[in-house]
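# Close look at the chain arrangement
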Amino acid sequence: MKKSPSRSNENVYQRLGLRTIVNASGPSTRLTGGIMRPEVAEAMAEASQWCVDLAELQGRASEVIAEATGAEAGYVTAGASAALMLGSAACLAGLDPAKMNRLPDTTGMPNEVVMARSHRNMYDHAVAQAGAKLIEVGIPDRFSGAGVRDAQVWEYDAAITDKTAAVLWVAQAHSEPTLKEIVALAHRRGVPVIVDAAGQLPPAENLKKFIAEGADLVAFSGGKAIGGPQASGILCGRRDLIQSAALQQLDHDTYFEQWTPPASLFDKHKLIGFPASGIGRASKCGKEEIVGLLTALRYFLDENSDERHARYLKLCQEVANGLKGVKGATVTLVDKRYKGAPAVELAVDEDVLGFSARDLVKRLQDGNPSVHANHARVRDGLVVFGPSCMKPGDPAIVIERVKAELRAK
Ligand SMILES: *Cc1c(COP(=O)(O)O)cnc(C)c1O
């Protein structure tokens, strides 16, 4: 692309003819995640200037992730969703290259993944993508308001058969039954447990929590709180399963005899062969993402929770102070309400303004500059501003745009 001198002050998006947005929502994929630390971006650029053996790089990543999570092994994926797909493929195929070659066709193999109906979400498509069939258990009465119960352990027990390949447990503060209960049951029945912990960071302690509670595989997003590349994630857990995931994702266009995989990740002597391009090939992860994720993980672990909290609080205070006393809305700085982090809640008085919280979110995003607030609580009349993806200077833009919209009632 030609860079004309007159446009040299423009950023890469402007050169593409695009506007940038203020992300006062959070690291959503549709908003391209967050802002990477310059050190992470630099590590990615540096990584792009050499070639390495990809399996060796993942072998080193496995050691780094194992240390950070307490798991036997780890793997860098193209996101938590990719980690769920690869983890499911590992539970389906084990270390059998013939089965790996057949996925997502699971004819004749145990292919059922049991999960609570209340845990179903948009991302479990990744499990089905590997070839698994989702088996739902439980009636989540507590969410419909009709009662108090959620799925019971005995309902999982009743659903596990010789066709079961895994149990999927989605980590949320309110998830029931507990992971410990599910692990106890699944292991008694000889079935592995996959945990979707994509959005469970911070606190950083959660990197170790689910493994410590007995999960066989855990998926984390790299592009959310860790601050890694948008298209990165972590799969960690049992060594044999991570090995299977790796075998189904790496490029093996070579001879088995010629292949010298890193001993940190592969037990080559235990393998009878490897698949052609496994099901994971469509979610490949490049060296830049792997290095970026490992670098981001180091910074994530280095910044203690108090420092992170203080950084977030400063941005939120700026927004809250700037919006104090606005007409038609009440601003509140809340601490630790949203995954332990501070945020700013703006309660919209629809009677005064003539438009709702949902309308304000849309007005802010459609305006110029485009500001994306968090819409998760518009049903409660709240527009929420989260600090995790804001840059210095963004709070002033948020304040100005909100005030302009409130005046425009
Ligand atoms: C964000 C999220 C995912 C997907 O993570 P990616 O890293 O974007 O692939 C999966 N599951 C849950 C619960 C999530 O919140």
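Predicted model, so just to flag it, every value in this text is computed and none were measured.

### Overview of helix H12 (residues 287–302)
Its 16 residues place the ends of H12 23 Å apart at the C-alpha level, agreeing with the 22 Å of an ideal helix rising 1.5 Å per residue. What H12 keeps buried is the set Ile290, Gly292, Leu293, Leu294, Thr295, Ala296, Leu297 and Phe300. On its buried side, H12 packs onto helix H2 (38–47), helix H3 (54–69), strand S2 (73–77), helix H10 (206–212), strand S8 (233–237) and helix H13 (305–323).

### A closer look at the domain arrangement of the chain
According to the domain assignment, the chain contains domain 1 (12–32 + 304–408) and domain 2 (38–302). The largest per-residue losses of area from domain 1 upon contact with domain 2 belong to Pro27, Arg308 and Lys339, which jointly make up 66% of the total buried on that side. Taken together, domain 1 and domain 2 are joined by zero salt bridges. Linking domain 1 with domain 2 are three residue pairs in polar contact (both at pLDDT 80 or more). For the side of domain 1 that touches domain 2, the per-class residue count stands at one nonpolar, three polar and three charged.

### Quick look at the packing of aromatic side chains
Applying the stated criterion to the full structure yields five aromatic pairs. For the ring pair Trp169 and Phe210, a centre distance of 6.5 Å and an interplane angle of 50° mean the geometry is tilted. In this pair, Trp169 is assigned in strand S5 (residues 164–170) and Phe210 in helix H10, connecting sequence segments 41 residues apart. Accessibility expressed as a relative area gives 5% for Trp169, which makes it buried. Connected via pairs of aromatic rings, a cluster forms that spans Phe256, Trp259, Phe266 and Phe274. A cation over a ring is seen here: Lys224 above Tyr123, with NZ or CZ 5.7 Å from the ring centre. Positioned above the aromatic ring of Phe355, the side-chain terminus of Arg363 is 4.0 Å from the ring centre.

### Thoughts on a negative patch on the surface
Residues Asp349, Glu350, Asp351 and Asp359 make up a contiguous surface patch of negative charge. Here Asp349 is to be found in the loop between strand S10 (341–348) and helix H14 (350–353). Since its relative accessible area comes to 34%, Asp349 is described here as partly exposed.

### As for the state of the cysteines
For the coordinates displayed, the defined rule picks out zero disulfides. Between Cys51, a cysteine without a disulfide, and Cys285, which holds the nearest cysteine sulfur, the sulfur-to-sulfur distance is 16 Å. Assessed through its relative accessible area of 73%, Cys51 is described here as exposed. Here Cys285 stays free of any disulfide, with the sulfur of Cys236 as its closest cysteine sulfur at 15 Å. Its relative accessible area of 4% is what places Cys285 among the buried residues.

### Examining the pairing of strand S6 (residues 193–196)
Burial along S6 is two-sided: Val193 and Val195 and Ile194 and Asp196, pointing in opposite directions, are all buried. Where S5 and S6 come together, four bridges link them in parallel fashion. Bridge assignment links Leu168 to a residue of S6, and that residue is Ile194. Following the backbone out of S5, through helix H9 (residues 179–188) and into the adjacent parallel S6, one traces a crossover that is right-handed. Pairing between S6 and strand S7 (residues 217–221): three bridges, direction parallel. Across the sheet, the residue bridging to Val195 is Val218, located in S7. Assessed by its sense of winding, the connection that carries the chain from S6 through H10 to S7 is right-handed.

### What about a nonpolar patch on the surface?
Taken together, Val12, Tyr13, Leu16 and Leu18 make up a surface patch of nonpolar side chains, about 390 Å² in accessible area. Relative to the assigned elements, Val12 resides in helix H1 (residues 12–15). Val12 gets classed as partly exposed once you look at its relative accessible area, which sits at 45%.

Rules used in this analysis
The numbering scheme is per chain: residues are counted from 1 as the chain's sequence reads. Local features are withheld for residues below a pLDDT of 70 in this predicted model, meaning they are given only at 70 or higher, and side-chain atom pairs are given and counted only at 80 or more; totals for whole chains, interfaces and linings count all residues. Side-chain metrics rest on all non-hydrogen atoms present in the structure, leaving aside hydrogens and water. In this description a helix means any DSSP run of H or I spanning at least four residues, a strand means any run of E spanning at least two, and both kinds are numbered starting from the N terminus. Given a helix with a known number of residues, its expected span is that number minus one, times 1.5 Å. Only protein chains enter the calculation, and the probe is 1.4 Å; a residue is then buried if its accessible area is under 20% of its type maximum, exposed if over 50%, and partly exposed in between. It only takes one pair of heavy atoms within 4.5 Å for two residues to be counted as in contact. Domain delimitation in this document rests on an assignment produced automatically or drawn from a domain database. Simply put, the buried area is the total loss of 1.4 Å probe accessible area from both parts when two parts are fitted together. We define a salt bridge as a contact between a side-chain nitrogen of Lys or Arg and a carboxyl oxygen of Asp or Glu at a distance within 4 Å. Definition of a polar contact: a pair of N or O atoms within 3.5 Å, with one able to donate and the other able to accept a hydrogen when the atoms are protein atoms, and with sequence-neighbouring residues admitted only if both atoms are side-chain atoms. Gly is put with the polar residues, along with every residue not named as nonpolar or charged; the nonpolar set is Ala, Val, Leu, Ile, Met, Phe, Trp, Tyr, Cys and Pro, and the charged set is Asp, Glu, Lys and Arg. Two rings from Phe, Tyr or Trp (for Trp, the six-membered ring) form a pair when their centres sit within 6.5 Å of each other. Planes less than 30 degrees apart are called stacked, planes more than 60 degrees apart edge-to-face, and all others tilted. Whether a charge sits over a ring comes down to the Lys NZ or Arg CZ being within 6 Å of the ring centre and within 35 degrees of the ring normal. Note on patches: the residues involved have over 30% relative accessible area and no salt bridge, like charges join within 9 Å, and the nonpolar side chains Val, Leu, Ile, Met, Phe, Trp and Tyr join within 5 Å. Note on areas: these come from Shrake-Rupley sampling with a 1.4 Å probe, and a residue is covered only by the protein chains present in the view. His is not counted, nor are the chain ends; Lys and Arg add positive charge and Asp and Glu add negative charge. Note that the charge is assigned to NZ on lysines, CZ on arginines, CG on aspartates and CD on glutamates. Count a disulfide wherever a pair of cysteine sulfur atoms falls within 2.5 Å. Strand pairing is assigned whenever DSSP detects at least two bridges linking the two strands. For the handedness criterion, the strands are oriented away from the viewer, and a crossover whose path from the first strand over the helix to the second runs clockwise is classed as right-handed.

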